[in-house]
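Tertiary structure, described
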Amino acid sequence: IFLESIFACTPATSRGQAVQLGVDPKGENFLYTNGKTVFIRSLAATIAKEYTGHSVNTTVARYSPSGYYVASGDIHGNVRIWDAIQDEHILKNEVKVIADRINDIAWDFESKRIIAVGNGKERYGHAFLFDSGSSVGEIIGHSKVVNSVSIRQKRPLRAATASDDFTVVFFHGPPFKQKMTIKDHTAFVQGVRFSPDGSNFVTIGSDKKVLLYEGETGEKLVDLSKIVGDDSHKGGVFAVSWSPDSKQLLTSSGDKTVKIWDVEAQKVVQTYEFPDAIENQQIGNLWAGEFLVSLSLSGDINYLDSKSNSISKVVKGHQKAITAFAKEDNKDNTLFTGKEGSAISVDGEGHANQICQMIALDGKIISVGMDDTLRKINTETKSFSESVVKTTGLPRGIAIKDDKIFIATTKCIEIIKNDEVIFTLNVSNTPTVIGINSDGSSIAVGSEDSKVTLYKVNDDKLEEEKVITGRSSISAIAYSPDGSLLAVGDAQGKITVYDTSNHEVNIIINIISQWVFHTAKVNSIAWSPDGLHAASGSLDTNIYIWSVEKPMKNIAIKGAHQVSVTGVTFLDNDTITSVGQDACVKTWTIKHHQVK
């Protein structure tokens, strides 16, 4: 198995909480967190890698100035230092810093000392050596959560911390000792940053202020926000970054604007305005070489054009679990994914709640959601059509053949044609999944009572043919491409394959029962185009590739997605794509077991 690509999720965001973005010394990659994962993403391309060593949700990650290590923090107050060069990301050290969430991390210019700050009980920060964890000072002076920390990147070493107690504490070091407390802000201080040349540092806050200080002494130089007057931010400022030459600042605000400030001229030279919506509040940013990036509350990563007031590129993605996806017909590289709300980058009015399933047909993507509707996406225009079909009950799954759409809901099975319900079959058990064979002559419906019911499609009606009784609630179902095999997955992690080729025989033969290695609910089953292999994804975070010809053999992808694998599909016989609770899309190349 080879992980070919990761289409990463976007950063996790929370209203009123600044997001710290880390940048490597070369200015090629940046770091952010979502769930238990730290993502290493290229600034120039969509290439991404991941670090999954934390056992709880991550909050911030920073490169060492040497570029050899990354320090990442989590909600339990742990900081893990790990190798940034090798793909294995070997752990160098782990330090318990505080009792609660780590909000920010800073390295000294020698890549030896780290200060981590956040929300503690007895203390709000800690200074330590990266390799041994030994203390190199005392981070004190605050009475509330510390939001940000920065270390001067030259000698003599200085550090500054910013807090919800409206203060900034200035430290001399090493060892780091409190030198003075700065009380110039009148609200939460959201950020503090030393300039790359160490000559100045800047603080920003919920009071809309942008304040400049001398880097070595901590002396206040100017209130930039006051000097620029009406050009200043109209809302709280959540993020600030320096230009590489230490001459300009980039600030991001809850007023949905991003500004570039000329420090020497003490004026705003550029303002980027975003549409007036809450999700366009700007809560994080970075300045790395030619790249100026600001992060929206929605998770959108906005690339700014430094020569104009325009946004040159917006990188979108999922922030939360991907609950459904579909591969566009005859286009191996085009996938549509769904989550709560709507599909990403699709225009028009989408679902008002979580999307349950998506499926491709003739240039359209059909989706059903927890808003009890069926909707269509035009794959050419990347937009929802205006036609909406209301379903009877909560949709659990869909299957399509030609002009008919079969929907299994919690109350019934429906056939939809030309956007109208033409047949309804009420059922006593609660359907969970639905599948259709290749010629459209038969559908299989799994239910909560561990049964799979096969129905014959007779024109525009359904006739019950056979019932298979399993061991647990049916959670996934899929016919092989030629329709001769039916794979059924259940809530206990077991997959059984039945021979359905002889429709005249009233007995379904169980031909494979060895696919039992999942330890939790099977969420998805997909067949390879040649029908020789099946792939399954599970709540146990694993993917298995199964062989029909060698049913005792399997290929395991352990920990394929954090929390849960929610979907799998084959792009070709040797390539699969998967989606998960971690909001990522991953592509894997498989080397199958050879049949002797």
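Residues numbered from 1 in each chain as written. Predicted model: local features only at pLDDT ≥ 70, side-chain atom pairs only at ≥ 80, totals over all residues. Heavy atoms only, no water.

A look at the overall build of the protein chain
In plain terms, the rule: For the purposes of this entry, the term helix denotes a DSSP run of H or I that reaches at least four residues, the term strand denotes a run of E that reaches at least two, and both are numbered from the N terminus. Only C-alpha atoms enter the radius of gyration, while the globule expectation follows 2.2 Å times N to the 0.38, with N the number of residues. Burial here depends on accessible area, computed with a 1.4 Å probe over protein chains only, as a share of the maximum for the residue type. Under 20% is buried, over 50% is exposed, and the range in between is partly exposed. The contact rule is simple, with two residues in contact once any of their heavy atoms fall within 4.5 Å. Per-residue and other accessible areas follow the Shrake-Rupley method at a 1.4 Å probe size, with only the shown protein chains counted as cover for residues.
From N to C terminus, the protein chain includes one helix and 53 strands. The C-alpha radius of gyration computed for the protein chain amounts to 28 Å, which stays within 12% of the reference 25 Å derived for 596 residues, consistent with globular compactness. Its C-alpha atoms give the protein chain principal-axis dimensions of about 90 × 50 × 40 Å. Counting all 596 residues of the protein chain, 58% fall into the buried class. Put simply, of all contacts in the protein chain between residues at least 6 apart along the chain, 43% involve residues at least 24 apart. Surface summary for the protein chain: the accessible area is close to 24,300 Å², and the carbon and sulfur share equals 46%.

Structural notes on the sheet that holds strand β50 (residues 554-557)
This is how it is decided: At least two DSSP bridges between two strands are needed for those strands to be called paired. To define axes, lines are fitted to C-alpha atoms, for helices over the stretch in contact only, and angles between the resulting N-to-C directions are given on a 0 to 180 degree scale.
The four strands lie next to each other as β47-β48-β49-β50, forming an open sheet whose pairing is antiparallel. Each having just a single partner strand, β47 (522-527) and β50 make up the two edges of the open sheet. Neighbour-to-neighbour, the strand axes of the sheet open up by a mean angle of 15°, direction not taken into account. Here five bridges tie strand β48 (residues 533-538) to strand β49 (residues 543-547), and the two strands are oriented antiparallel to one another. Within the sheet, the bridge partner assigned to H533 lies in β49 and is S547.

Quick look at unusual backbone geometry
For the bond running from R155 to P156, omega is -5°, close enough to zero to count as cis. By the secondary structure assignment, P156 is in the loop between β13 (146-151) and β14 (158-163).

A few points about the UniProt feature "repeat: WD" (unreviewed entry) in the protein chain
Counted only if it meets this: UniProt positions are given in the numbering used here, feature names are shortened, and annotations may be inferred rather than shown by experiment.
UniProt marks residues 51-92, 182-223, 230-271 and 518-549 with the feature "repeat: WD" (unreviewed entry), using the numbering shown here. Helix makes up 0% of residues 51-92 and strand makes up 50%, while its end C-alpha atoms are separated by 13 Å.

Examining the sheet that holds strand β28 (residues 311-315)
Across the sheet, four strands lie side by side as β25-β26-β27-β28; this open sheet has antiparallel pairing. The open sheet has two edge strands with one neighbour each: β25 (282-288) and β28. With strand direction ignored, the average angle separating the axes of adjacent strands in the sheet is 20°. Both strand β27 (residues 301-304) and β28 contribute to a ladder of four bridges, which runs antiparallel. When the bridges of β28 are listed, N302 appears paired with V314.

Regarding the nonpolar core
Cut-off, in case you're wondering: Throughout this description, the term nonpolar core refers to a set of buried Ala, Val, Leu, Ile, Met, Phe, Trp, Tyr and Cys residues connected via side-chain atoms within 4.5 Å.
Among the nonpolar cores identified, the biggest contains 24 residues, and F30, L43, L286, I301 and Y303 are the most heavily contacted of them. Broken down by secondary-structure element, the contributors of at least two residues to this core are β3 (29-34), β25, β26 (291-296) and β27. Discounting residues that sit within four places of it in the chain, I301 has contacts with P11, F30, R41, V293, S294, L295, K313, V314 and V315.

What to know about the pairing of strand β42 (residues 461-469)
Sheet topology places strand β41 (residues 451-458) next to β42; eight bridges connect them, and they run antiparallel. Each residue of the ladder has a partner; that of T453, found in β42, is V467. Counted along the chain from β41 to the antiparallel partner β42, the turn is two residues long, and its residue D459 has a positive phi close to 55°.

A short note on the pattern of salt bridges
Cut-off, in case you're wondering: We define a salt bridge as a side-chain nitrogen of Lys or Arg found within 4 Å of a carboxyl oxygen belonging to Asp or Glu.
Per the stated rule, a full pass over the model turns up 16 salt bridges. The closest approach of N and O atoms between R113 and D108, which form a salt bridge, is 2.5 Å. For the pair R113 and D108, one class covers both residues: buried. The partner of K417 in a salt bridge is D403, with the nearest N and O atoms 3.6 Å apart. Placement of K417 in strand β37 (residues 412-417) and of D403 in the loop between β35 (395-401) and β36 (404-409) is noted, with a sequence separation of 14 residues between them. With relative accessibility at 24%, the residue K417 sits in the partly exposed group.

Structural notes on the domain arrangement of the protein chain
Interface size is commonly expressed as the accessible area that is lost once the parts come together. Rules: In this entry, domain limits derive from an automatic or database-based domain assignment. By convention, the term buried area covers the 1.4 Å-probe accessible surface removed from two parts as they join, with the contributions of both added.
As far as domains go, the protein chain holds domain 1 (2-315) and domain 2 (472-595). Each of domain 1 and domain 2 has a C-alpha centre, and these two points are 43 Å apart. Summing the contributions of domain 1 and of domain 2, the shared interface buries around 990 Å²; its carbon and sulfur component is 48%. The largest contributions to the domain 1 side of the interface with domain 2 come from F2, L3 and E4, which together make up 36% of the buried area.

Let's talk about the packing of aromatic side chains
The geometry of an aromatic ring pair comes down to the distance between the two centres and the angle between the two planes. Filter applied, for reference: Note on aromatic contacts: the rings of Phe and Tyr and the six-membered ring of Trp form a pair at centre separations within 6.5 Å, being stacked when their planes are under 30 degrees apart, edge-to-face when over 60 apart, and tilted otherwise. In this analysis the charged atom, NZ for Lys or CZ for Arg, is taken to sit over a ring once it is within 6 Å of the ring centre and within 35 degrees of the ring normal.
Enumeration over the complete set of coordinates arrives at 15 aromatic pairs. A ring pair is formed by F194 and F201, whose centres lie 5.1 Å apart and whose planes are at 45°; its orientation type is tilted. F201 matches F194 in its accessibility class, with the two residues each being buried. Each member of the aromatic cluster is reached from another via a ring pair, and the members are W515, F517, W527, Y544 and W546. Cation over ring: K313 sits above Y303, and NZ or CZ is 4.4 Å from the ring centre.

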